[in-house]
Amino acid sequence: MNTAMKLNTDCKSCRSHLADLLLDDACLASHPELEQHLASCSGCRTELHELRSTFALLDEYAAPEPSPFFDTRLHARLREAVAAEPESLWERMRSFLLFSTGRSFQPAVACALALVLLVGGSGTFLQLHNLQHGGANTASSATINDLKVLDNNAQEEQQMNQLLDTSGSADEDTPPAS
Ligand SMILES: [Zn+2]
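Residues numbered from 1 in each chain as written. Predicted model: local features only at pLDDT ≥ 70, side-chain atom pairs only at ≥ 80, totals over all residues.

### Description of the overall build of the protein chain
Looking only at helices and strands, the protein chain has nine helices and zero strands in total. Taken from N to C terminus, the helices and strands of the protein chain fall in the order α-α-α-α-α-α-α-α-α. Taking all 178 residues of the protein chain together, 6% fall into the buried category. Of the contacts formed within the protein chain by residues at least 6 apart in sequence, a portion of 65% connects residues at least 24 apart. (Helix = DSSP H or I, 4+ residues; strand = E, 2+ residues; numbered from the N terminus. Buried ≥ 20, exposed ≤ 12 C-beta atoms within 10 Å, placed from the backbone. Contact = placed C-beta atoms within 7 Å.)

Written as structure tokens, this is what we have:
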């Protein structure tokens with residue numbers, strides 16, 4: 001707010017007491033200088049009035065009640081999930097790529113491309129490795145290695161997304177200078 005620069009010390013003290021004025025009815029009685037200031041300063045009066053309206057609105061707001069069947073359904077789904085077979089790596093990868101949303105989507109695409117390159121690269125490397133050592137039984141272990149690489153990549157991708165999310169939200173949560 002640009003007007004913050006123009007606030008005099010009375011206004012500053014008044015604004016710092018706004019919460020008390022709002023929540024404590026006895027505050028005005030114990031701070032007659034605030035009452036005096038509010039009578040003469042329209043800026044602070046408006047500020048207090050707007051805060052009061054906001055709080056009145058919040059008082060009116062009633063949080064919606066969850067459906068009576070919510071708990072039953074949730075518990076049924078939890079039991080199903082516990083009883084179900086653990087998801088395979090591919091299932092987890094698929095749901096991660098499918099359901100990662102919004103901000104995390106772009107890095108996800110970038111990571112998916114990097115992943116393709118990595119898998120292609122490591123596949124070639126493993127093929128060369130196999131050729132050099134001439135192992136017949138290494139074909140299955142090569143697949144397992146690829147899966148491990150994929151798993152590690154998915155974990156790193158998630159960590160990266162978390163980092164991006166926290167740094168992004170930190171910027172948004174910065175309160176505007178008042
Ligand atoms: Zn004022």
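### Some words on the packing of helix α1 (residues 9-16) against helix α5 (residues 42-60)
Packing of α1 against α5 brings their axes to within 10 Å, and their N-to-C directions diverge by 10°. Judged by the inter-axis angle, α1 sits roughly parallel to α5. Each of Cys11, Cys14 and Arg15 in α1 lies in contact with α5, whose residues at this interface are Gly43, Cys44 and Glu47. Residues belonging to the contact of α1 with α5 are distributed by class as follows: three nonpolar, one polar and two charged. (Axes fitted to C-alpha atoms, helices over the stretch in contact; angles between N-to-C directions. Parallel < 35°, antiparallel > 145°, perpendicular 65-115°, else oblique. Nonpolar A, V, L, I, M, F, W, Y, C, P; charged D, E, K, R; others polar.)

### Regarding the nonpolar core
For soluble globular proteins, nonpolar side chains are generally found buried alongside one another. Within the largest apolar cluster, five residues are counted, these being Cys14, Leu21, Leu34, Leu38 and Cys44. The residues touching leucine 38, leaving out its near neighbours within four places in the chain, are Cys14, Cys44, Arg45 and Leu48. (Core = buried A, V, L, I, M, F, W, Y, C linked by C-beta atoms within 7 Å.)

### A word on helix α6 (residues 70-83)
The terminal C-alpha atoms of α6 lie 20 Å apart, and with 14 residues this matches the ideal 20 Å at 1.5 Å per residue to within 8%. Counting buried positions along α6 yields zero of 14 residues, so the element is predominantly exposed. (Expected span 1.5 Å × (residues − 1).)

### Concerning the confidence of the model for the protein chain
Residue-level pLDDT values for the protein chain average 76, and 70% of them are 70 or greater. The element-level mean pLDDT for the protein chain is lowest in helix α8 (residues 105-133), coming to 63, with α5 highest at 92. This model gives residues 1-5 a pLDDT under 50, and the stretch forms three contacts once residues within four places in sequence are excluded. Note that residues 170-174 has pLDDT below 50 and, in this model, zero contacts with residues that lie over four places away or in other chains. (pLDDT = per-residue confidence, 0-100.)

### Some points on the environment of phenylalanine 55
Positionally, phenylalanine 55 belongs in helix α5. Judged by local crowding, phenylalanine 55 falls into the exposed class, with 12 C-beta atoms found within 10 Å. Linking phenylalanine 55 and leucine 23, residues 32 residues apart in sequence, is a C-alpha distance of 9.7 Å.

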